[in-house]
Amino acid sequence: MTERREAVQFFVHGGVSVHRACALVQIYRSTFRYAAHPTDDTVLVNQMQALAAQHPRYGYRRINALLNRSETVNHKRVRRLWRLHRMQVRRVVRKRTRRTRPERLQAAYPGHIWAYDFVEDALADGTPLRILTVMDEFTREGLALDVALTTSAERVIGVLAALVGQHGAPAYLRSDNGAEFVAIAVQTWLVQYGVQTLYIEPGKPWQNGKEERFNGTVRDECLNLHVFTSLAEASVRLGAYRRHYNTERPHSQLDYLTPLEFKAAWFEAQTKSQDPYSGLQTD
């Protein structure tokens, strides 16, 4: 419409009558002669800005509803002024105080921290299997892959007792808060052997990351590759895989040594560091 008015104005300046110019441009003379009378919106804008500051999460519709409590204001006018003056809804970000959490204890030597957990699988006929996995966090050695049809505190104690008899008791045992791991019988047994517990927070399996990775590897490289027809077959295959894992499989976090190679190298380094003559050369 503005362009048409300018075209009429051009013809009029050229000596064409207003009537003829409007006919040429196809615009009504009343429209050409109309002069807009802009409304002073200062008071309304101030009211809107005050309400927006008071209610930072309100949009223009709610602001319009508040304005209409005292006087009638067209919602289109409110919307136009809202956008014109950029009175968008402000994002409110609460400042939270970050709690300082103690650092998770890291294994410093073989037998320092063991971790254990249960992994679920099933036989070919659908019978559930519960596999108790135990690993040494420092050497990544798979200490046990014990498979059974059920879980119990007595089973956990039996596996731990066999491992302690073979390797000695660890200083710490890390796990989630599963019923078998927090059972009073298990707690009593651990106290007798001087083993302290490290429980991860509920819903945060990454706090037991090394054990979770061990479980994932067992599933990927053994459980997913075989369909067990019996409990005995599952036990044999898992035992064979544990031996492969400890003695043949290179571990990326151990500079591609196997867990037992890494363990042997660590003990050898400790022996040399304690031998005052280890660095001397003889002629």
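As the structure is a prediction and not an experimental result, all values here were calculated from the model.

In this section: the UniProt feature "domain: Integrase catalytic" (unreviewed entry) in the protein chain. Taken from the UniProt record, the annotation "domain: Integrase catalytic" (unreviewed entry) applies to residues 106–267. Taken end to end, residues 106–267 has its terminal C-alpha atoms 18 Å apart, with 41% of it in helix and 21% in strand.

Glancing now at the nonpolar core. One finds Tyr-116, Leu-132, Val-134, Val-156 and Val-186 to be the most contacted residues of the largest nonpolar core, which totals 21 residues. Within the residue set of this core, elements represented by two or more residues are β1 (113–122), β2 (128–136), β3 (142–148), α7 (153–167) and α9 (184–192). Among the elements that make up this core, the one with the highest residue count is α7 (seven residues). Listed in part, the 17 residues of the second largest apolar core include Ile-131, Leu-223, Ala-234 and Tyr-241.

Using the criterion set out here, one finds ten salt bridges in the structure. Glu-201 is the partner of Lys-204 in a salt bridge, and the nearest nitrogen-oxygen pair spans 3.3 Å. The class for Lys-204 is buried, based on a relative accessible area of 18%. Where Glu-221 meets Arg-249, a salt bridge forms, and the shortest distance between an N and an O atom there is 3.0 Å. In this pair, Glu-221 is assigned in helix α10 (residues 209–221) and Arg-249 in the loop between α11 (231–247) and α12 (259–274), connecting sequence segments 28 residues apart. The exposure class of Arg-249 is buried, given its relative accessible area of 17%. Because the salt bridges share partners, they merge into one network encompassing Asp-41, Arg-77 and Arg-80.

The contact between helix α4 (residues 42–54) and helix α5 (residues 60–67) brings their axes to 10 Å, and the two run at 115°. Handedness of the crossing formed by α4 with α5: right-handed. Touching Leu-44, Gln-47, Met-48, Leu-51 and Ala-52 of α4 are Ile-63, Leu-66 and Leu-67, all from α5. Residue composition of the contact of α4 with α5, grouped by class: seven nonpolar, one polar and no charged.

Within the element layout of this structure, Asn-246 appears in helix α11. Of the polar contacts made by the side chain of Asn-246, one reaches the backbone nitrogen of Gly-142; its length is 2.8 Å. With residues up to four places along the chain from it excluded, the contact list for Asn-246 reads Glu-141, Gly-142, Thr-258, Pro-259 and Leu-260.

Here we come to the packing of aromatic side chains. For the structure on display, the rule yields nine aromatic pairs. Relative to Tyr-245, the ring of Phe-214 has its centre 5.1 Å away and its plane inclined at 65°; by these criteria the two rings are edge-to-face. With Phe-214 in helix α10 and Tyr-245 in helix α11, the pair connects residues that are 31 residues apart, well separated along the chain. Like Tyr-245, Phe-214 is buried. Looking at Arg-62, its charged tip hangs above the ring of Tyr-58, at a distance of 5.7 Å from the centre.

Rules and cut-offs
Residues numbered from 1 in each chain as written. Predicted model: local features only at pLDDT ≥ 70, side-chain atom pairs only at ≥ 80, totals over all residues. Heavy atoms only, no water. UniProt positions renumbered as here; feature names shortened; annotations may be inferred. Helix = DSSP H or I, 4+ residues; strand = E, 2+ residues; numbered from the N terminus. Core = buried A, V, L, I, M, F, W, Y, C linked by side-chain atoms within 4.5 Å. Buried < 20%, exposed > 50% of the residue type's maximum accessible area, 1.4 Å probe, protein only. Salt bridge = Lys/Arg side-chain N within 4 Å of Asp/Glu carboxyl O. Axes fitted to C-alpha atoms, helices over the stretch in contact; angles between N-to-C directions. Left-handed = near helix turned anticlockwise from the far one by under 90°. Contact = heavy atoms within 4.5 Å. Nonpolar A, V, L, I, M, F, W, Y, C, P; charged D, E, K, R; others polar. Polar contact = N/O pair within 3.5 Å; in protein donor to acceptor, adjacent residues only side chain to side chain. Phe/Tyr/Trp six-rings, centres within 6.5 Å; stacked < 30°, edge-to-face > 60°. Lys NZ or Arg CZ within 6 Å of the ring centre and 35° of its normal.

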